[in-house]
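Below are the chains, spelled out letter by letter.
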Amino acid sequence: MPDNTKVPAAASAGADDLIELGRVSAAYGVRGWVKVQPHSAHADVLLSIPEWRLARLATPAKGAASAQPPASAISIHKVVTSRPQGATVVAQLAGIADRDQAEALRGMAVYAPRSSFPEPEDDEFYWVDLIGCTLYGQQDGVAVLLGRVEGVLDNGAHSVLRVARQNLDAAGVAQAVLDAKGRPAEILVPFVQAHVHTVDIANRRIDSDWPLDY
């Protein structure tokens, strides 16, 4: 499982297709370049797409996810050139000619349509397509439901699936598993070939050897 940030591109590029890749953190230099802090391992996408969509979002309520920006809030900027700069990406955008203009973009979210993402190599997946997949593990050699992938973390050495535990009820319907305090139970599963055997994005299913009682 080489790079868990890659997956086949989507067909549409509508507003709901936008993926937030990072945030403009600062101006870079005096000629209008910007510095972007990528989310997770999205630097490769930022460096490969020809234009960025920028939007300034209201701060979400604590614990709430960022909402998709309305079309009226999005500005599209052609990327003249870009390059990695340590853990960040720096870029020159068309129409941004000086430091003051670049500083005005500070804090803006950087988006791109999933359909613009580069085609992945074999066994590479974008994290956005792993989220929502059902993860199965093993018990006595039999596939068993573990839960739903809610997020993907990066611990520096490899990626980790954050999975909300689920069980099947008597009718075969997935139900959330709660911990001793009544909160949704979660497990972390390393997204490495030693444990994750197959990823079927089309059917939203991931099979692993992770034990049910881990």
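Every value quoted in this text rests on a predicted model; they were computed, and no experiment measured them. (Residues numbered from 1 in each chain as written. Predicted model: local features only at pLDDT ≥ 70, side-chain atom pairs only at ≥ 80, totals over all residues. Heavy atoms only, no water.)

## Observations concerning the overall build of the protein
When helices and strands are counted, the protein shows 3 helices and 13 strands. For the protein, the proportion of contacts with a sequence separation of at least 24, taken over those separated by at least 6, is 59%. (Helix = DSSP H or I, 4+ residues; strand = E, 2+ residues; numbered from the N terminus. Contact = heavy atoms within 4.5 Å.)

## Here's the deal with the sheet that holds strand β1 (residues 18–28)
Pairing within the closed barrel is antiparallel, and its 6 strands lie in the order β1-β2-β5-β4-β3-β6. For this sheet the average axis-to-axis angle between neighbouring strands, irrespective of direction, equals 45 degrees. As defined by bridge partners, strand β3 (residues 51–55) adjoins strand β4 (residues 75–85) across 4 bridges and the pair is classed as antiparallel. The residue bridging Arg53 from the neighbouring strand is Ile76, located in β4. (Pairing = 2+ DSSP bridges. Axes fitted to C-alpha atoms, helices over the stretch in contact; angles between N-to-C directions.)

## Notes on the confidence of the model for the protein
Per-residue pLDDT for the protein averages 85, and the proportion of residues at 70 or more is 86%. Taken element by element, the protein is modelled with least confidence in helix α3 (residues 127–130), mean pLDDT 85, and with most confidence in helix α2 (residues 99–103), mean pLDDT 97. Counting contacts from residues 1–14, a segment whose pLDDT is below 50, to residues more than four positions away or on other chains yields 55 contacts. Every residue in residues 60–65 is under pLDDT 50, and counting partners more than four places away or in other chains gives 2 contacts. (pLDDT = per-residue confidence, 0-100.)

## Examining the nonpolar core
Core analysis: the largest hydrophobic core is formed by 24 residues, its most contacted members being Leu21, Val34, Trp52, Leu93 and Leu105. The set of elements that each furnish at least two residues to this core consists of β1, β2 (33–38), α1 (43–48), β3, β5 (88–93) and β6 (109–113). For this core, the element with the most residues is β1, which contributes 4 residues. When sequence neighbours within four positions are dropped, the list of residues in contact with Leu93 reads Val34, Trp52, Leu54, His77, Lys78, Val79, Val80 and Leu105. Residues Phe125, Leu130, Cys133 and Val196 belong to the second largest nonpolar core, which totals 17 residues. (Core = buried A, V, L, I, M, F, W, Y, C linked by side-chain atoms within 4.5 Å. Buried < 20%, exposed > 50% of the residue type's maximum accessible area, 1.4 Å probe, protein only.)

## Thoughts on the pairing of strand β12 (residues 196–200)
Summarising the sheet, β12 and strand β13 (residues 205–211) pair through 4 bridges and their orientation is antiparallel. Opposite Thr198, over in β13, you have Asp207 as the bridge partner.

## A word on the packing of aromatic side chains
Per the stated rule, a full pass over the model turns up 3 aromatic pairs. Consider the rings of Phe117 and Tyr126, whose centres lie 4.7 Å apart with planes at 70 degrees: the pair is edge-to-face. Judged by centre distance (6.3 Å) and plane angle (80 degrees), the rings of Phe125 and Phe191 are edge-to-face. Residue Phe125 is located in the loop between β6 and α3, and its partner Phe191 is located in the loop between β11 (186–190) and β12; the two are separated by 66 residues in the primary sequence. As far as the burial class goes, Phe125 and Phe191 line up, both buried. Geometry around Tyr136 places Arg205 over its ring, the cationic atom sitting 3.8 Å from the centre. (Phe/Tyr/Trp six-rings, centres within 6.5 Å; stacked < 30°, edge-to-face > 60°. Lys NZ or Arg CZ within 6 Å of the ring centre and 35° of its normal.)

## What to know about unusual backbone geometry
Positive phi outside glycine occurs at Asp140, with the angle close to 55 degrees. Counting through the fold element by element, Asp140 comes out in the loop between β7 (134–139) and β8 (142–154). Positive phi is not limited to glycine here, since Arg204 has a value of about 55 degrees.

## So, the environment of Val199
In this structure, Val199 sits in strand β12. A residue is classified by how much of its surface remains accessible, and Val199, at 18% relative accessible area, is buried. C-alpha of Val199 to C-alpha of Asp123: the two residues are 76 residues apart in sequence and 8.4 Å apart in space.

## With respect to the environment of Gln139
Tracing the backbone shows Gln139 in strand β7. Exposure remark for Gln139: the relative accessible area of 37% places this residue in the partly exposed category. Those residues within four positions of Gln139 in sequence are excluded, and the remaining contacts are Val144 and Leu212.

## What to know about the pattern of salt bridges
One pass over the structure, following the stated rule, counts 9 salt bridges. Linking Arg53 and Glu51 is a salt bridge whose minimum nitrogen-to-oxygen distance equals 3.3 Å. Here Arg53 falls in the buried class, since its relative accessible area comes to 16%. For the salt bridge of Arg162 with Glu186, the shortest nitrogen-to-oxygen distance reads 2.7 Å. Note that Arg162 is positioned in strand β9 (residues 159–168) and Glu186 in strand β11, a separation of 24 residues in sequence. Under the relative-accessibility criterion, Arg162 is labelled partly exposed at 26%. Taking the relative accessible area as the measure of exposure, Glu186 reaches 45% and is therefore partly exposed. Connected through salt bridges with shared partners, the residues Arg99, Glu103 and Arg106 form a single ionic network. (Salt bridge = Lys/Arg side-chain N within 4 Å of Asp/Glu carboxyl O.)

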